[in-house]
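# Understanding the architecture of this molecule
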Amino acid sequence: MSDVSGRFVVAAAVVAVSLAMAAAAHDYGEALSKSLLYFEAQRSGRLPYNQRVRWRGHSGLTDGLEQGVDLVGGYYDAGDHVKFGLPMAFTVTMLSWSVLEYGEEIAAAGELGHALHAIKWGTDYFIKAHTHPNVLWTQVGDGDSDHYCWQRPEDMTTSRHAYKVDAENPGSEVAAETAAAMAAASIVFRRAGDAHYAHLLLHHAQQLFEFGDKYRGRYDESVEVVKNYYPSSSGYKDELLWAALWLHRATGRREYLDYAVDNADDFGGTGWAVSEFSWDIKYAGLQVLASKLLVEEKHLSSQQREVLEKYRSKAEYYVCSCMGRNPGGAAHNAGRTPAGLLFIRPWNNLQYVSNAAFLLTVYSDVLSSLSLPLLCPDPDAAADEAAPAAADAGEVLEFARSQADYILGTNPMATSYLVGYGEAYPRRVHHRAASSASYARDRDFIGCLQGFDSWYSAAAENPHDLVGAVVGGPNGNDVFTDHRGAYMQTEACTYNTAPMVGVFSRLMELERRRRGEDAPPSSTSPVAEDDL
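Residues numbered from 1 in each chain as written. Predicted model: local features only at pLDDT ≥ 70, side-chain atom pairs only at ≥ 80, totals over all residues. Heavy atoms only, no water.

### Description of the nonpolar core
W97, Y318 and L374 are the most contacted members of the largest nonpolar core, which totals 161 residues. The element that contributes the greatest number of residues to this core is helix α6 (residues 172–191), accounting for 13 residues. Those residues in contact with L374 that sit more than four places away from it in its chain are E316, V319, C320, M323, Y363, L367, P388, A389, A390, A391 and V396. (Core = buried A, V, L, I, M, F, W, Y, C linked by side-chain atoms within 4.5 Å. Buried < 20%, exposed > 50% of the residue type's maximum accessible area, 1.4 Å probe, protein only. Helix = DSSP H or I, 4+ residues; strand = E, 2+ residues; numbered from the N terminus. Contact = heavy atoms within 4.5 Å.)

Next up, the structure:
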(Lines give C-alpha, C1' and ligand atoms only; values in the text may rest on other atoms or scores of the structure.)
Protein backbone atom coordinates (compact mmCIF):
# COMPACT_ATOMS: atom_id res chain seq x y z
CA MET A 1 0.00 0.00 0.00
CA SER A 2 1.37 3.42 -0.94
CA ASP A 3 1.75 6.26 1.53
CA VAL A 4 -0.96 8.12 -0.36
CA SER A 5 -3.56 5.35 -0.14
CA GLY A 6 -2.74 4.45 3.44
CA ARG A 7 -2.68 7.94 4.86
CA PHE A 8 -5.33 10.55 5.59
CA VAL A 9 -3.37 13.50 4.21
CA VAL A 10 -3.18 16.87 5.88
CA ALA A 11 -4.66 18.73 2.93
CA ALA A 12 -7.80 16.63 3.03
CA ALA A 13 -7.93 17.15 6.78
CA VAL A 14 -7.95 20.90 6.45
CA VAL A 15 -10.81 20.75 3.96
CA ALA A 16 -12.78 18.39 6.18
CA VAL A 17 -12.26 20.13 9.50
CA SER A 18 -15.15 22.56 9.24
CA LEU A 19 -17.53 19.77 8.27
CA ALA A 20 -16.30 17.58 11.11
CA MET A 21 -16.64 20.31 13.68
CA ALA A 22 -20.15 21.11 12.49
CA ALA A 23 -21.26 17.50 12.93
CA ALA A 24 -20.85 17.67 16.71
CA ALA A 25 -23.85 15.54 17.64
CA HIS A 26 -23.05 11.89 18.23
CA ASP A 27 -25.04 8.79 19.05
CA TYR A 28 -23.50 7.95 22.42
CA GLY A 29 -25.83 4.97 22.86
CA GLU A 30 -24.46 3.38 19.70
CA ALA A 31 -20.91 4.14 20.81
CA LEU A 32 -21.63 2.50 24.19
CA SER A 33 -23.06 -0.66 22.62
CA LYS A 34 -20.12 -1.03 20.25
CA SER A 35 -17.60 -0.41 23.02
CA LEU A 36 -18.95 -3.34 25.02
CA LEU A 37 -18.95 -5.58 21.95
CA TYR A 38 -15.20 -5.07 21.59
CA PHE A 39 -14.42 -7.02 24.75
CA GLU A 40 -15.91 -10.17 23.21
CA ALA A 41 -13.33 -9.94 20.40
CA GLN A 42 -10.55 -9.89 23.01
CA ARG A 43 -11.65 -13.02 24.86
CA SER A 44 -9.23 -15.86 25.43
CA GLY A 45 -10.41 -19.34 26.33
CA ARG A 46 -13.52 -21.34 25.43
CA LEU A 47 -16.07 -18.95 24.04
CA PRO A 48 -19.67 -19.12 25.30
CA TYR A 49 -22.72 -20.05 23.25
CA ASN A 50 -23.89 -16.44 23.18
CA GLN A 51 -20.62 -15.06 21.80
CA ARG A 52 -21.58 -12.23 19.45
CA VAL A 53 -18.22 -11.79 17.68
CA ARG A 54 -18.54 -14.88 15.50
CA TRP A 55 -15.26 -14.55 13.64
CA ARG A 56 -13.44 -15.47 16.85
CA GLY A 57 -13.02 -19.08 18.06
CA HIS A 58 -11.73 -20.93 21.12
CA SER A 59 -8.08 -20.23 21.96
CA GLY A 60 -5.53 -20.68 24.72
CA LEU A 61 -7.26 -23.86 25.92
CA THR A 62 -4.10 -25.27 27.48
CA ASP A 63 -2.98 -22.09 29.25
CA GLY A 64 -1.40 -23.02 32.58
CA LEU A 65 -1.21 -26.72 31.78
CA GLU A 66 2.59 -26.69 31.80
CA GLN A 67 2.54 -25.27 35.35
CA GLY A 68 -0.31 -27.48 36.56
CA VAL A 69 -2.85 -24.68 36.97
CA ASP A 70 -5.98 -23.75 35.01
CA LEU A 71 -5.35 -20.34 33.42
CA VAL A 72 -7.83 -20.66 30.57
CA GLY A 73 -9.80 -17.48 29.97
CA GLY A 74 -9.20 -13.78 30.50
CA TYR A 75 -8.40 -11.17 27.89
CA TYR A 76 -5.72 -10.50 25.32
CA ASP A 77 -4.68 -6.92 25.98
CA ALA A 78 -4.31 -5.70 22.41
CA GLY A 79 -3.57 -7.11 18.96
CA ASP A 80 -1.29 -9.86 20.25
CA HIS A 81 -1.95 -12.95 22.36
CA VAL A 82 -0.13 -12.45 25.64
CA LYS A 83 -2.31 -12.20 28.74
CA PHE A 84 -0.73 -9.43 30.82
CA GLY A 85 -2.16 -9.30 34.33
CA LEU A 86 -1.63 -5.62 35.19
CA PRO A 87 -3.38 -4.00 32.20
CA MET A 88 -6.09 -6.69 32.29
CA ALA A 89 -6.86 -5.89 35.91
CA PHE A 90 -6.88 -2.15 35.20
CA THR A 91 -9.33 -2.77 32.36
CA VAL A 92 -11.70 -4.58 34.72
CA THR A 93 -11.36 -1.86 37.36
CA MET A 94 -12.32 0.81 34.84
CA LEU A 95 -15.21 -1.23 33.46
CA SER A 96 -16.49 -1.73 36.99
CA TRP A 97 -16.05 1.95 37.88
CA SER A 98 -17.99 2.86 34.74
CA VAL A 99 -20.90 0.66 35.82
CA LEU A 100 -20.81 1.94 39.40
CA GLU A 101 -20.97 5.57 38.32
CA TYR A 102 -23.33 5.28 35.37
CA GLY A 103 -25.09 1.95 35.70
CA GLU A 104 -28.54 3.49 35.32
CA GLU A 105 -27.64 4.86 31.92
CA ILE A 106 -26.07 1.56 30.86
CA ALA A 107 -29.22 -0.26 31.95
CA ALA A 108 -31.41 2.24 30.11
CA ALA A 109 -29.46 1.51 26.95
CA GLY A 110 -30.11 -2.22 27.41
CA GLU A 111 -26.41 -2.88 27.88
CA LEU A 112 -26.11 -3.77 31.57
CA GLY A 113 -26.00 -7.50 30.88
CA HIS A 114 -23.20 -7.06 28.36
CA ALA A 115 -21.28 -4.85 30.80
CA LEU A 116 -21.58 -7.49 33.52
CA HIS A 117 -20.44 -10.18 31.08
CA ALA A 118 -17.39 -8.08 30.17
CA ILE A 119 -16.42 -7.65 33.82
CA LYS A 120 -17.07 -11.27 34.76
CA TRP A 121 -14.94 -12.61 31.91
CA GLY A 122 -12.01 -10.91 33.63
CA THR A 123 -12.87 -11.65 37.25
CA ASP A 124 -13.50 -15.34 36.56
CA TYR A 125 -9.95 -15.49 35.24
CA PHE A 126 -8.54 -13.63 38.26
CA ILE A 127 -10.18 -16.16 40.57
CA LYS A 128 -8.35 -18.94 38.71
CA ALA A 129 -5.07 -17.00 38.69
CA HIS A 130 -5.17 -16.41 42.46
CA THR A 131 -4.35 -19.98 43.45
CA HIS A 132 -3.10 -19.25 46.97
CA PRO A 133 -3.40 -16.25 49.31
CA ASN A 134 0.16 -15.26 48.41
CA VAL A 135 0.33 -16.49 44.81
CA LEU A 136 -1.00 -14.70 41.73
CA TRP A 137 -0.35 -15.88 38.18
CA THR A 138 0.26 -12.64 36.34
CA GLN A 139 1.18 -13.46 32.75
CA VAL A 140 0.59 -16.16 30.15
CA GLY A 141 2.71 -16.10 27.02
CA ASP A 142 5.94 -14.39 26.07
CA GLY A 143 5.89 -11.00 24.37
CA ASP A 144 9.10 -11.54 22.40
CA SER A 145 8.12 -14.83 20.76
CA ASP A 146 4.54 -13.65 20.28
CA HIS A 147 5.67 -10.58 18.35
CA TYR A 148 7.66 -12.73 15.93
CA CYS A 149 4.43 -14.37 14.79
CA TRP A 150 1.32 -13.09 13.00
CA GLN A 151 -1.22 -15.80 13.74
CA ARG A 152 -4.83 -16.02 14.74
CA PRO A 153 -5.23 -16.88 18.43
CA GLU A 154 -6.87 -20.14 17.34
CA ASP A 155 -3.58 -21.15 15.63
CA MET A 156 -1.08 -20.08 18.29
CA THR A 157 2.25 -21.90 18.22
CA THR A 158 4.09 -19.46 20.48
CA SER A 159 5.07 -20.05 24.09
CA ARG A 160 2.24 -20.15 26.61
CA HIS A 161 4.55 -20.22 29.58
CA ALA A 162 2.90 -18.77 32.69
CA TYR A 163 4.53 -16.47 35.24
CA LYS A 164 3.57 -15.77 38.84
CA VAL A 165 4.36 -13.52 41.77
CA ASP A 166 4.55 -14.87 45.32
CA ALA A 167 6.09 -14.14 48.71
CA GLU A 168 9.63 -14.82 47.45
CA ASN A 169 9.07 -12.96 44.18
CA PRO A 170 6.62 -10.17 45.04
CA GLY A 171 4.56 -8.07 42.68
CA SER A 172 2.72 -5.41 44.62
CA GLU A 173 1.49 -3.49 41.56
CA VAL A 174 -0.30 -6.41 39.96
CA ALA A 175 -1.55 -7.85 43.27
CA ALA A 176 -2.98 -4.50 44.34
CA GLU A 177 -4.51 -3.69 40.94
CA THR A 178 -6.15 -7.12 40.81
CA ALA A 179 -7.44 -6.49 44.33
CA ALA A 180 -8.87 -3.16 43.15
CA ALA A 181 -10.53 -4.82 40.16
CA MET A 182 -12.13 -7.54 42.26
CA ALA A 183 -13.23 -5.11 44.97
CA ALA A 184 -14.83 -2.77 42.43
CA ALA A 185 -16.46 -5.70 40.64
CA SER A 186 -17.80 -7.06 43.93
CA ILE A 187 -19.84 -3.86 44.36
CA VAL A 188 -21.15 -4.21 40.81
CA PHE A 189 -22.36 -7.77 41.35
CA ARG A 190 -23.73 -7.07 44.79
CA ARG A 191 -25.87 -4.31 43.28
CA ALA A 192 -26.87 -6.70 40.47
CA GLY A 193 -28.21 -9.20 43.01
CA ASP A 194 -25.44 -11.82 42.90
CA ALA A 195 -24.39 -11.72 46.55
CA HIS A 196 -22.49 -15.02 46.43
CA TYR A 197 -20.23 -13.97 43.56
CA ALA A 198 -19.74 -10.53 45.11
CA HIS A 199 -18.62 -12.15 48.37
CA LEU A 200 -16.21 -14.44 46.52
CA LEU A 201 -14.64 -11.50 44.69
CA LEU A 202 -14.28 -9.50 47.88
CA HIS A 203 -12.61 -12.41 49.63
CA HIS A 204 -9.98 -12.62 46.88
CA ALA A 205 -9.58 -8.83 46.84
CA GLN A 206 -8.82 -8.68 50.55
CA GLN A 207 -6.29 -11.50 50.34
CA LEU A 208 -4.57 -9.94 47.33
CA PHE A 209 -4.31 -6.55 49.01
CA GLU A 210 -2.80 -8.13 52.12
CA PHE A 211 -0.36 -10.07 49.92
CA GLY A 212 0.68 -7.00 47.94
CA ASP A 213 1.13 -4.90 51.06
CA LYS A 214 2.89 -7.49 53.21
CA TYR A 215 5.36 -8.63 50.53
CA ARG A 216 6.24 -5.38 48.84
CA GLY A 217 8.21 -5.36 45.62
CA ARG A 218 8.03 -4.31 41.98
CA TYR A 219 6.37 -6.89 39.82
CA ASP A 220 8.62 -6.23 36.81
CA GLU A 221 11.62 -7.25 38.90
CA SER A 222 10.00 -10.60 39.71
CA VAL A 223 8.58 -11.16 36.22
CA GLU A 224 11.34 -9.65 34.13
CA VAL A 225 9.84 -10.66 30.77
CA VAL A 226 7.19 -7.96 31.24
CA LYS A 227 9.71 -5.11 31.31
CA ASN A 228 9.66 -4.49 27.55
CA TYR A 229 5.87 -4.31 27.49
CA TYR A 230 4.30 -3.19 30.77
CA PRO A 231 7.05 -1.94 33.09
CA SER A 232 6.14 -0.15 36.29
CA SER A 233 7.46 3.41 36.09
CA SER A 234 5.56 4.72 39.11
CA GLY A 235 6.27 1.78 41.43
CA TYR A 236 3.63 0.08 43.53
CA LYS A 237 2.65 2.65 46.13
CA ASP A 238 -0.03 4.22 43.94
CA GLU A 239 -1.62 0.80 43.38
CA LEU A 240 -1.65 0.07 47.12
CA LEU A 241 -3.46 3.34 47.85
CA TRP A 242 -5.81 2.75 44.92
CA ALA A 243 -6.66 -0.76 46.12
CA ALA A 244 -7.22 0.46 49.69
CA LEU A 245 -9.74 3.04 48.50
CA TRP A 246 -11.60 0.46 46.43
CA LEU A 247 -11.70 -1.95 49.36
CA HIS A 248 -13.05 0.82 51.57
CA ARG A 249 -15.74 1.50 49.01
CA ALA A 250 -16.58 -2.22 48.79
CA THR A 251 -16.58 -2.96 52.53
CA GLY A 252 -17.10 0.34 54.34
CA ARG A 253 -14.36 -0.77 56.76
CA ARG A 254 -12.44 2.08 58.31
CA GLU A 255 -9.13 0.22 58.25
CA TYR A 256 -8.88 0.70 54.47
CA LEU A 257 -9.68 4.40 54.68
CA ASP A 258 -7.15 4.74 57.50
CA TYR A 259 -4.57 3.03 55.27
CA ALA A 260 -5.16 5.55 52.47
CA VAL A 261 -5.06 8.46 54.93
CA ASP A 262 -2.09 7.31 57.02
CA ASN A 263 0.05 6.52 53.97
CA ALA A 264 -1.10 9.48 51.85
CA ASP A 265 2.13 11.46 52.23
CA ASP A 266 4.68 8.64 52.32
CA PHE A 267 3.14 6.91 49.28
CA GLY A 268 2.78 10.08 47.23
CA GLY A 269 -0.99 10.19 47.15
CA THR A 270 -1.07 13.77 48.34
CA GLY A 271 2.28 14.68 46.86
CA TRP A 272 2.26 13.55 43.26
CA ALA A 273 0.74 16.11 40.88
CA VAL A 274 0.46 14.38 37.51
CA SER A 275 -0.90 15.00 34.03
CA GLU A 276 -1.67 11.41 33.05
CA PHE A 277 -3.69 8.47 34.30
CA SER A 278 -3.03 4.98 32.96
CA TRP A 279 -2.64 1.27 33.69
CA ASP A 280 0.72 2.21 35.22
CA ILE A 281 0.25 5.58 36.94
CA LYS A 282 -2.81 5.56 39.19
CA TYR A 283 -2.28 8.75 41.17
CA ALA A 284 -4.85 10.90 39.38
CA GLY A 285 -7.42 8.11 39.60
CA LEU A 286 -6.98 7.55 43.31
CA GLN A 287 -7.03 11.31 43.90
CA VAL A 288 -10.40 11.58 42.16
CA LEU A 289 -11.65 8.49 44.00
CA ALA A 290 -10.56 10.02 47.31
CA SER A 291 -12.33 13.26 46.38
CA LYS A 292 -15.59 11.35 46.02
CA LEU A 293 -15.38 10.44 49.70
CA LEU A 294 -15.90 14.10 50.54
CA VAL A 295 -19.32 13.69 48.93
CA GLU A 296 -20.20 10.14 49.95
CA GLU A 297 -18.67 9.61 53.39
CA LYS A 298 -20.78 11.20 56.12
CA HIS A 299 -18.63 10.51 59.18
CA LEU A 300 -15.14 11.79 58.50
CA SER A 301 -12.83 12.93 61.26
CA SER A 302 -11.19 16.33 60.91
CA GLN A 303 -7.88 14.63 60.12
CA GLN A 304 -9.43 12.40 57.47
CA ARG A 305 -11.19 15.34 55.87
CA GLU A 306 -7.96 17.34 55.85
CA VAL A 307 -6.06 14.56 54.08
CA LEU A 308 -8.88 13.94 51.61
CA GLU A 309 -8.86 17.63 50.75
CA LYS A 310 -5.15 17.29 49.97
CA TYR A 311 -5.99 14.40 47.66
CA ARG A 312 -8.62 16.60 46.04
CA SER A 313 -6.18 19.46 45.48
CA LYS A 314 -4.00 17.08 43.45
CA ALA A 315 -7.06 15.82 41.57
CA GLU A 316 -7.74 19.45 40.66
CA TYR A 317 -4.17 19.83 39.40
CA TYR A 318 -4.79 16.90 37.04
CA VAL A 319 -8.12 18.33 35.81
CA CYS A 320 -6.59 21.78 35.40
CA SER A 321 -3.66 20.26 33.51
CA CYS A 322 -5.95 18.46 31.08
CA MET A 323 -7.92 21.65 30.49
CA GLY A 324 -4.77 23.78 30.14
CA ARG A 325 -5.74 25.96 33.10
CA ASN A 326 -2.76 25.49 35.43
CA PRO A 327 -0.55 28.60 35.76
CA GLY A 328 3.02 28.08 34.63
CA GLY A 329 2.51 27.10 31.00
CA ALA A 330 3.52 23.84 29.32
CA ALA A 331 5.45 22.53 32.32
CA HIS A 332 2.22 22.24 34.32
CA ASN A 333 -0.28 21.35 31.61
CA ALA A 334 -0.87 18.35 29.39
CA GLY A 335 0.07 18.65 25.74
CA ARG A 336 -2.48 19.24 22.98
CA THR A 337 -2.67 18.72 19.25
CA PRO A 338 -3.54 21.75 17.09
CA ALA A 339 -7.19 20.58 17.10
CA GLY A 340 -7.31 20.30 20.88
CA LEU A 341 -6.82 16.59 21.53
CA LEU A 342 -4.87 15.80 24.68
CA PHE A 343 -1.50 14.50 23.62
CA ILE A 344 0.70 12.74 26.17
CA ARG A 345 2.78 10.31 24.07
CA PRO A 346 2.97 9.24 20.43
CA TRP A 347 2.43 5.55 21.26
CA ASN A 348 -1.24 4.75 21.88
CA ASN A 349 -2.04 8.28 22.94
CA LEU A 350 -5.80 7.71 23.06
CA GLN A 351 -5.43 5.56 26.18
CA TYR A 352 -4.54 8.76 28.05
CA VAL A 353 -7.38 10.65 26.39
CA SER A 354 -10.03 8.07 27.25
CA ASN A 355 -8.84 7.86 30.85
CA ALA A 356 -8.79 11.66 31.13
CA ALA A 357 -12.29 11.91 29.68
CA PHE A 358 -13.52 9.48 32.33
CA LEU A 359 -11.81 11.15 35.29
CA LEU A 360 -12.98 14.58 34.23
CA THR A 361 -16.51 13.26 33.78
CA VAL A 362 -16.50 11.84 37.31
CA TYR A 363 -14.84 14.92 38.77
CA SER A 364 -17.43 17.19 37.19
CA ASP A 365 -20.01 15.25 39.21
CA VAL A 366 -17.91 15.77 42.35
CA LEU A 367 -17.80 19.53 41.76
CA SER A 368 -21.52 19.59 41.12
CA SER A 369 -22.25 17.67 44.34
CA LEU A 370 -19.99 19.94 46.39
CA SER A 371 -21.32 23.08 44.64
CA LEU A 372 -17.74 24.18 44.06
CA PRO A 373 -15.84 25.56 41.05
CA LEU A 374 -12.61 24.13 39.71
CA LEU A 375 -9.62 25.95 41.20
CA CYS A 376 -6.23 26.08 39.51
CA PRO A 377 -4.02 27.95 42.00
CA ASP A 378 -0.78 29.65 41.12
CA PRO A 379 2.03 27.88 43.03
CA ASP A 380 3.90 31.20 43.29
CA ALA A 381 0.93 33.05 44.81
CA ALA A 382 0.92 34.05 48.48
CA ALA A 383 -0.38 31.43 50.88
CA ASP A 384 -3.36 33.56 51.87
CA GLU A 385 -4.25 34.50 48.28
CA ALA A 386 -7.39 32.68 47.11
CA ALA A 387 -7.26 31.11 43.68
CA PRO A 388 -9.87 32.42 41.25
CA ALA A 389 -12.41 29.98 39.82
CA ALA A 390 -11.01 28.44 36.63
CA ALA A 391 -14.13 26.55 35.49
CA ASP A 392 -17.41 25.17 36.75
CA ALA A 393 -18.64 21.59 36.73
CA GLY A 394 -20.39 22.06 33.41
CA GLU A 395 -17.24 23.31 31.70
CA VAL A 396 -15.27 20.32 33.00
CA LEU A 397 -17.87 17.94 31.62
CA GLU A 398 -17.95 19.77 28.29
CA PHE A 399 -14.18 19.41 27.99
CA ALA A 400 -14.50 15.68 28.62
CA ARG A 401 -17.19 15.64 25.96
CA SER A 402 -14.90 17.40 23.49
CA GLN A 403 -12.34 14.61 23.89
CA ALA A 404 -14.99 11.92 23.46
CA ASP A 405 -16.38 13.69 20.38
CA TYR A 406 -12.89 13.89 18.90
CA ILE A 407 -12.60 10.12 19.29
CA LEU A 408 -15.99 9.71 17.59
CA GLY A 409 -15.09 11.80 14.56
CA THR A 410 -15.25 15.50 15.45
CA ASN A 411 -11.65 16.03 14.37
CA PRO A 412 -9.63 17.34 11.43
CA MET A 413 -9.49 13.90 9.81
CA ALA A 414 -13.28 13.51 10.04
CA THR A 415 -12.65 9.92 11.11
CA SER A 416 -13.82 7.99 14.13
CA TYR A 417 -11.15 6.30 16.20
CA LEU A 418 -13.81 4.00 17.68
CA VAL A 419 -13.83 1.19 15.12
CA GLY A 420 -17.23 0.56 13.56
CA TYR A 421 -18.69 3.93 14.54
CA GLY A 422 -19.56 6.37 11.78
CA GLU A 423 -18.73 6.16 8.09
CA ALA A 424 -14.96 6.64 8.34
CA TYR A 425 -12.91 4.64 10.83
CA PRO A 426 -9.64 2.61 10.79
CA ARG A 427 -9.92 -0.40 8.46
CA ARG A 428 -6.43 -1.82 8.95
CA VAL A 429 -6.23 -2.16 12.72
CA HIS A 430 -3.03 -3.76 13.99
CA HIS A 431 -4.73 -6.92 15.27
CA ARG A 432 -3.84 -10.48 14.38
CA ALA A 433 -7.32 -11.99 14.52
CA ALA A 434 -9.17 -9.12 12.85
CA SER A 435 -6.64 -8.93 10.02
CA SER A 436 -6.73 -12.67 9.23
CA ALA A 437 -9.27 -15.06 7.75
CA SER A 438 -11.91 -16.11 10.24
CA TYR A 439 -11.25 -19.49 11.82
CA ALA A 440 -14.96 -20.23 11.54
CA ARG A 441 -14.75 -19.97 7.73
CA ASP A 442 -11.19 -21.07 6.98
CA ARG A 443 -9.59 -23.60 9.29
CA ASP A 444 -6.42 -24.00 7.26
CA PHE A 445 -3.53 -23.51 9.65
CA ILE A 446 -1.75 -20.15 9.45
CA GLY A 447 1.93 -20.51 10.34
CA CYS A 448 3.99 -18.12 12.39
CA LEU A 449 5.66 -16.30 9.49
CA GLN A 450 2.97 -17.12 6.94
CA GLY A 451 0.66 -14.62 8.60
CA PHE A 452 3.11 -11.77 7.93
CA ASP A 453 3.15 -12.58 4.21
CA SER A 454 -0.54 -13.35 3.78
CA TRP A 455 -2.18 -10.83 6.13
CA TYR A 456 0.07 -8.36 7.93
CA SER A 457 1.73 -7.04 4.76
CA ALA A 458 -1.42 -7.05 2.64
CA ALA A 459 -2.68 -3.68 1.44
CA ALA A 460 -6.29 -4.78 1.78
CA GLU A 461 -8.56 -3.76 4.60
CA ASN A 462 -8.97 -6.18 7.49
CA PRO A 463 -11.55 -8.87 6.74
CA HIS A 464 -13.15 -8.11 10.14
CA ASP A 465 -13.90 -4.80 11.81
CA LEU A 466 -12.72 -4.79 15.41
CA VAL A 467 -15.94 -3.05 16.43
CA GLY A 468 -15.74 -0.94 19.56
CA ALA A 469 -11.95 -0.79 19.72
CA VAL A 470 -10.37 2.59 20.43
CA VAL A 471 -7.13 2.60 18.45
CA GLY A 472 -3.94 4.46 19.36
CA GLY A 473 -5.08 7.50 17.43
CA PRO A 474 -3.50 10.37 15.50
CA ASN A 475 -0.07 11.88 15.94
CA GLY A 476 0.66 15.24 17.54
CA ASN A 477 -0.44 17.05 14.38
CA ASP A 478 -3.86 15.32 14.22
CA VAL A 479 -2.72 13.09 11.33
CA PHE A 480 -3.58 9.40 11.28
CA THR A 481 -2.01 6.62 9.21
CA ASP A 482 -4.35 3.68 8.57
CA HIS A 483 -1.79 0.92 8.16
CA ARG A 484 -1.23 -2.25 10.20
CA GLY A 485 2.46 -1.42 10.37
CA ALA A 486 1.74 1.91 12.05
CA TYR A 487 1.06 0.12 15.33
CA MET A 488 1.60 3.21 17.47
CA GLN A 489 -1.57 4.56 15.87
CA THR A 490 -3.58 1.53 14.73
CA GLU A 491 -3.24 -0.93 17.62
CA ALA A 492 -6.12 -0.95 20.08
CA CYS A 493 -6.07 -1.99 23.75
CA THR A 494 -8.77 -3.03 26.20
CA TYR A 495 -7.83 -0.23 28.57
CA ASN A 496 -8.44 2.34 25.81
CA THR A 497 -12.09 1.37 25.50
CA ALA A 498 -12.96 0.49 29.13
CA PRO A 499 -13.20 4.08 30.48
CA MET A 500 -15.22 5.16 27.44
CA VAL A 501 -18.03 2.87 28.59
CA GLY A 502 -18.57 5.28 31.48
CA VAL A 503 -18.02 8.41 29.41
CA PHE A 504 -20.50 7.44 26.69
CA SER A 505 -23.05 6.50 29.34
CA ARG A 506 -22.77 9.87 31.08
CA LEU A 507 -22.96 11.76 27.79
CA MET A 508 -25.99 9.73 26.81
CA GLU A 509 -27.64 10.88 30.05
CA LEU A 510 -26.62 14.47 29.33
CA GLU A 511 -28.31 14.31 25.93
CA ARG A 512 -31.43 12.80 27.47
CA ARG A 513 -31.68 15.65 29.96
CA ARG A 514 -31.14 18.24 27.26
CA ARG A 515 -34.08 16.73 25.38
CA GLY A 516 -36.18 16.82 28.55
CA GLU A 517 -36.72 13.06 28.67
CA ASP A 518 -37.65 11.16 31.84
CA ALA A 519 -35.00 9.43 33.92
CA PRO A 520 -34.24 5.79 33.02
CA PRO A 521 -35.13 2.90 35.35
CA SER A 522 -32.72 2.06 38.16
CA SER A 523 -29.74 -0.17 37.36
CA THR A 524 -29.89 -1.69 40.83
CA SER A 525 -32.63 -4.14 39.86
CA PRO A 526 -31.36 -7.73 40.08
CA VAL A 527 -29.95 -9.42 37.01
CA ALA A 528 -30.75 -13.11 36.72
CA GLU A 529 -27.75 -15.39 37.25
CA ASP A 530 -28.58 -17.11 33.96
CA ASP A 531 -27.78 -13.81 32.26
CA LEU A 532 -24.29 -13.82 33.70
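Once the structure has been displayed, the description carries forward.
### Some thoughts on the sheet that holds strand β1 (residues 83–84)
On the basis of which strands lie adjacent, the open sheet formed by 3 strands has the order β1-β2-β3 and antiparallel pairing. The sheet is open, and its two borders are formed by β1 and β3 (162–166), each paired with just one other strand. In this sheet, strand β2 (residues 135–140) lies alongside β1 in antiparallel orientation, the contact comprising 2 bridges. Paired with K83 across the two strands is V140, which belongs to β2. (Pairing = 2+ DSSP bridges.)

### So, the state of the cysteines
According to the stated counting rule, one finds 2 disulfides in the structure shown. Here C149 is linked by a disulfide to C448, with a sulfur-sulfur distance of 1.8 Å. Between C149 and C448, the S-S torsion sits near -95°, and that sign places the bridge as left-handed. Pair noted here: C149 is in the loop between α5 (143–147) and β3 and C448 is in the loop between α14 (393–408) and α15 (450–456), with a separation of 299 residues, a long-range link. Overall, the relative accessible area of 6% leaves C149 in the buried class. Of the residues examined, C448 reaches a relative accessible area of 24% and is grouped as partly exposed. C320 shares a disulfide with C376; S-S distance 1.9 Å. The S-S bond linking C320 to C376 shows a torsion near -85°; that makes this disulfide left-handed. (Disulfide = S-S within 2.5 Å.)

### Some remarks on the packing of helix α11 (residues 283–296) against helix α12 (residues 302–323)
For the pair α11 and α12, interaxial distance at closest approach is 8 Å and the crossing angle is 130°. In this view, α11 runs oblique relative to α12, as classed from their interaxial angle. The handedness of the crossing between α11 and α12 comes out as left-handed. Note on element contacts: α12 touches α11 through R305, L308, E309, Y311, R312, K314, A315 and Y318, opposite A284, L286, Q287, V288, A290, S291, L293 and L294. Along the lines of polarity and charge, the residues of the contact of α11 with α12 split into 10 nonpolar, 2 polar and 4 charged. (Axes fitted to C-alpha atoms, helices over the stretch in contact; angles between N-to-C directions. Parallel < 35°, antiparallel > 145°, perpendicular 65-115°, else oblique. Left-handed = near helix turned anticlockwise from the far one by under 90°. Nonpolar A, V, L, I, M, F, W, Y, C, P; charged D, E, K, R; others polar.)

### Here we look at α11
Taking 1.5 Å per residue as the helical rise, α11 with its 14 residues ought to reach 20 Å, and the 20 Å between its terminal C-alpha atoms agrees with that figure. With 12 of 14 residues buried, α11 lies mostly within the body of the structure. The inward-facing, buried residues of α11 contact α3 (85–108), α9 (237–251), α10 (254–262), α12 and α13 (350–370). (Expected span 1.5 Å × (residues − 1).)

### Regarding the UniProt feature "active site" (unreviewed entry) in the protein
On the UniProt side, "active site" (unreviewed entry) is annotated at positions that read H430 here. Relative to the helices and strands, H430 resides in the loop between α14 and α15. Apart from residues no more than four positions distant in its own chain, H430 is found in contact with G79, W150, Y456, R484, Y487, T490 and E491. (UniProt positions renumbered as here; feature names shortened; annotations may be inferred.)

### What about unusual backbone geometry?
Although it is not a glycine, S371 adopts a positive phi angle of roughly 55°. Structurally, S371 can be placed in the loop between α13 and β4 (374–375). With relative accessibility at 65%, the residue S371 sits in the exposed group. For A414, which is not a glycine, the phi torsion comes out positive at approximately 50°. In this structure, A414 sits in the loop between α14 and α15.

### Comments concerning the packing of aromatic side chains
Applying the stated rule across the entire model yields 25 aromatic pairs. Among the aromatic residues, those joined into a ring-pair cluster are F90, W97, W242, W246, F277 and F358. The ring of Y197 carries the charged tip of K120 above its face, separated from the ring centre by 4.8 Å. Of note, R427 hangs over the ring of Y425, and the distance from its end group to the ring centre comes to 3.8 Å. (Phe/Tyr/Trp six-rings, centres within 6.5 Å; stacked < 30°, edge-to-face > 60°. Lys NZ or Arg CZ within 6 Å of the ring centre and 35° of its normal.)

### Some words on a nonpolar patch on the surface
The grouping of W347, Y487 and M488 at the surface amounts to a nonpolar patch, some 300 Å² of accessible area in total. Relative to the helices and strands, W347 resides in the loop between α12 and α13. Owing to a relative accessible area of 47%, W347 belongs among the partly exposed residues under this scheme. (Patch = residues over 30% accessible without salt bridge, like charges linked within 9 Å, V, L, I, M, F, W, Y side chains within 5 Å. Areas by Shrake-Rupley, 256 points an atom, 1.4 Å probe, with all protein chains shown as cover. Salt bridge = Lys/Arg side-chain N within 4 Å of Asp/Glu carboxyl O.)

### Let's talk about the pattern of salt bridges
Across all of its chains, the model carries 33 salt bridges by this definition. Two residues, D220 and R218, come together in a salt bridge whose shortest N-O distance is 3.1 Å. Exposure remark for R218: the relative accessible area of 27% places this residue in the partly exposed category. Of the charged contacts in the structure, one is a salt bridge between E509 and R513, with a shortest N-O distance of 2.9 Å. One end of the pair is E509 and the other is R513, both in helix α17 (residues 494–514) and 4 residues apart, which spans about a single turn. We classify R513 as exposed; its relative accessible area is 54%.

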